[in-house]
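Tertiary structure, described
Letter by letter, the chains look like this.
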Amino acid sequence: MITFGCQMNQHDSEMIGGLLEDAGYILTEHLEAADVILFNTCCVREHAEQRLYGRVSQLKALKAKKPELIVGVGGCVAQKEKAALTKRFSHVDLVFGTNALGGIADLLRRVENGERPVVSTPDVCASPEHRPPITLGRARISAWVSVMRGCDNYCSYCVVPYVRGPQRSRRPDEVVAEVRALAEGGVVEVTLLGQNVNSYGRDLHVDASFARLLEQLDAVVGITRIRFTTSHPKDISTDLMRAIRDLPKVCEHVHLPVQAGSTRILELMNRGYSSEEYLRIVERLRDLIPHISLTTDIIVGFPGETEEDFEQTRLMLEKVRFDGAYIFKYSSRSGTAAGSLDNRVDKSTIAARHRALLEFQKEVSLERLKSLLNTTQSVLAESHDAKRHGFLVGRTRGHRVARFCGGQEDIGREIEIRVCRLDGWTLVGEAAQHSSGQEPQG
Ligand code: 5AD
Ligand code: SF4
């Protein structure tokens, strides 16, 4: 399995892997050893799509040497391109769209039985959602849980609603059951996934909201941490803010993509909030939860973006002082509302604006990180540090990577650490309970 794109895609790949393990396949890390190579793909920006095409092309030689090899392309690009993929790449045997993932084992059987190519890109999901077998892989500390699929927002630049379809929330009882089962399997941290978790439940016929779901999940025995992504500013409710503040397991971190700082551009993006409204949301969040960690997504170079609009985005970063920001160059996607706009910003301007914001935000992120020096942080010990014997790595509730002394018995536990210094972007600390007054070396 080769996965491109977001956490949702990575989670989908886990699901595909699980279904195929159930069907008797064995996962291998080695391309040459594989009888089946499946790509799970992303088309949110052109760059990801081009990288995929490069990787698929490279397999042509391998396929020529090994004709029985099965090559499949699935997920978002498959849903968008459909049979055109098999025309472009004659060595692709299987195309499976975002609504066909659950049927992957049957589709592969058809290919194995000689039907080539097989193309399955239905507009709606025929079978009820297949779930990954909970036992998949090693005992894990942390797991993703999909709470909804699709998106109804139609931001003017975004291809997601076209390739992942309308919003479909999973029923709360189903999500709770999955989290319980994960907890029984040893998972202590869950990250709830959805394109816009803040509108969770609106498409259901039961009374459900994301804040209410968090409350139900907070009660699951064995789970110690709950994270979620992504939040849409226009749908963030006071109830959700209070849930983050009051529910002990819900981590104080919100990924709240602002996309741009100019209200004019936000309107063109169809985001549903103004720059001032966004700032007010941040103010309310910080009033309620002073130590909240805030991260965001930014797009530079949306069609028609002027120097003044761009300056507004820079000002947004300056005013909010995010803990982190993903800054993307605008990528025109055909089929989207903005895809047909012809007042494109030229490439070199986009590159310069991108560079400027990256540099600006890097300083801010580092300052925000430094503000954690000499504080006590609760860290979930996730694994041994691969490079430093006797050290563990994990994340703070605010999603910062931290390193500290510890042993196997600490893995999966919440450890209080005192942050002593930074090593790059990693917080280095000392476990507060076996504090010896010495700063760990490493
Ligand atoms: N061009 C650039 N960035 C995009 N994103 C979504 N669509 C595009 C596009 N066409 C970014 C948004 C979103 C993140 C997941 O990807 O910032 O929040
Ligand atoms: Fe795309 Fe907007 Fe939906 Fe996010 S909320 S997936 S940016 S359409």
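You'll find the structure just up there.
Residues numbered from 1 in each chain as written. Chains lettered and ligands numbered in written order. Predicted model: local features only at pLDDT ≥ 70, side-chain atom pairs only at ≥ 80, totals over all residues. Heavy atoms only, no water.

Let us look at the packing of aromatic side chains. Within this structure, the stated rule accounts for eight aromatic pairs. Here the aromatic rings of tyrosine 53 and phenylalanine 89 are separated by 5.7 Å at their centres, their planes lie at 35°, and the arrangement is tilted. Of the two residues, tyrosine 53 is situated in helix H2 (residues 46–65) and phenylalanine 89 in the loop between helix H4 (84–88) and strand E4 (94–96); the sequence distance between them amounts to 36 residues. Its relative accessible area of 7% is what places phenylalanine 89 among the buried residues. With 5.5 Å between their ring centres and 70° between their planes, phenylalanine 302 and tyrosine 330 make a pair best called edge-to-face. With phenylalanine 302 in the loop between strand E12 (293–300) and helix H12 (307–320) and tyrosine 330 in the loop between strand E13 (324–329) and helix H13 (347–370), the pair connects residues that are 28 residues apart, well separated along the chain. Per residue, the accessibility class of phenylalanine 302 equals that of tyrosine 330, and both read buried. Across the ring face of tyrosine 53, the terminal group of arginine 88 is positioned such that the distance to the ring centre comes to 3.9 Å. The ring of phenylalanine 360 has arginine 314 sitting right over it, with the charged end atom 5.2 Å from the ring centre. (Phe/Tyr/Trp six-rings, centres within 6.5 Å; stacked < 30°, edge-to-face > 60°. Helix = DSSP H or I, 4+ residues; strand = E, 2+ residues; numbered from the N terminus. Buried < 20%, exposed > 50% of the residue type's maximum accessible area, 1.4 Å probe, protein only. Lys NZ or Arg CZ within 6 Å of the ring centre and 35° of its normal.)

Let us now look at the site of ligand 2. With respect to spatial proximity, the complete set of residues near ligand 2 consists of Cys151, Asn153, Tyr154, Cys155, Tyr157, Cys158, Val160, Pro161, Gln195, His232 and Arg271. For the shell around ligand 2, the class distribution of residues is seven nonpolar, three polar and one charged. (Near = heavy atom within 4 Å. Nonpolar A, V, L, I, M, F, W, Y, C, P; charged D, E, K, R; others polar.)

Near ligand 1 the following residues occur: Val44, Arg45, Tyr157, Gln259, Asp297, Ile299, Phe328, Lys329, Tyr330, Ser331 and Arg333. Between ligand 1 and the protein, one listed contact pairs a nitrogen atom with a backbone N or O atom of tyrosine 157 at 3.0 Å. When ligand 1 is considered free in solution it has 400 Å² of accessible area, and contact with the protein chains removes 85% of it. The class makeup of the residues in the shell around ligand 1 is five nonpolar, two polar and four charged. (Polar contact = N/O pair within 3.5 Å; in protein donor to acceptor, adjacent residues only side chain to side chain. Areas by Shrake-Rupley, 256 points an atom, 1.4 Å probe, with all protein chains shown as cover.)

What follows deals with the sheet that holds strand E15 (residues 391–396). Around the barrel, which closes on itself, the five strands sit in the order E14-E15-E16-E18-E17 with mixed pairing between neighbours. Taken pair by pair, the neighbouring strands of this sheet meet at an average axis angle of 50°, ignoring direction. Alignment of strand E16 (residues 401–405) against strand E18 (residues 426–431), held across two bridges, turns out to be parallel. Bridge pairing in E18 links arginine 403 to valine 428. (Pairing = 2+ DSSP bridges. Axes fitted to C-alpha atoms, helices over the stretch in contact; angles between N-to-C directions.)

On to the packing of helix H11 (residues 275–288) against H12, then. Between H11 and H12, whose axes approach to 11 Å, the crossing angle comes to 15°. With respect to H12, the axis of H11 lies roughly parallel. Viewed along their axes, H11 and H12 form a crossing whose handedness is right-handed. Taken together, the residues of H12 that come into contact with H11 (itself represented by Ser275, Tyr278, Leu279, Val282 and Arg286) are Met316, Lys319 and Val320. Residues that form the contact of H11 with H12 fall into these classes: five nonpolar, one polar and two charged. (Parallel < 35°, antiparallel > 145°, perpendicular 65-115°, else oblique. Left-handed = near helix turned anticlockwise from the far one by under 90°. Contact = heavy atoms within 4.5 Å.)

Distances and angles like these do not, on their own, reveal function.
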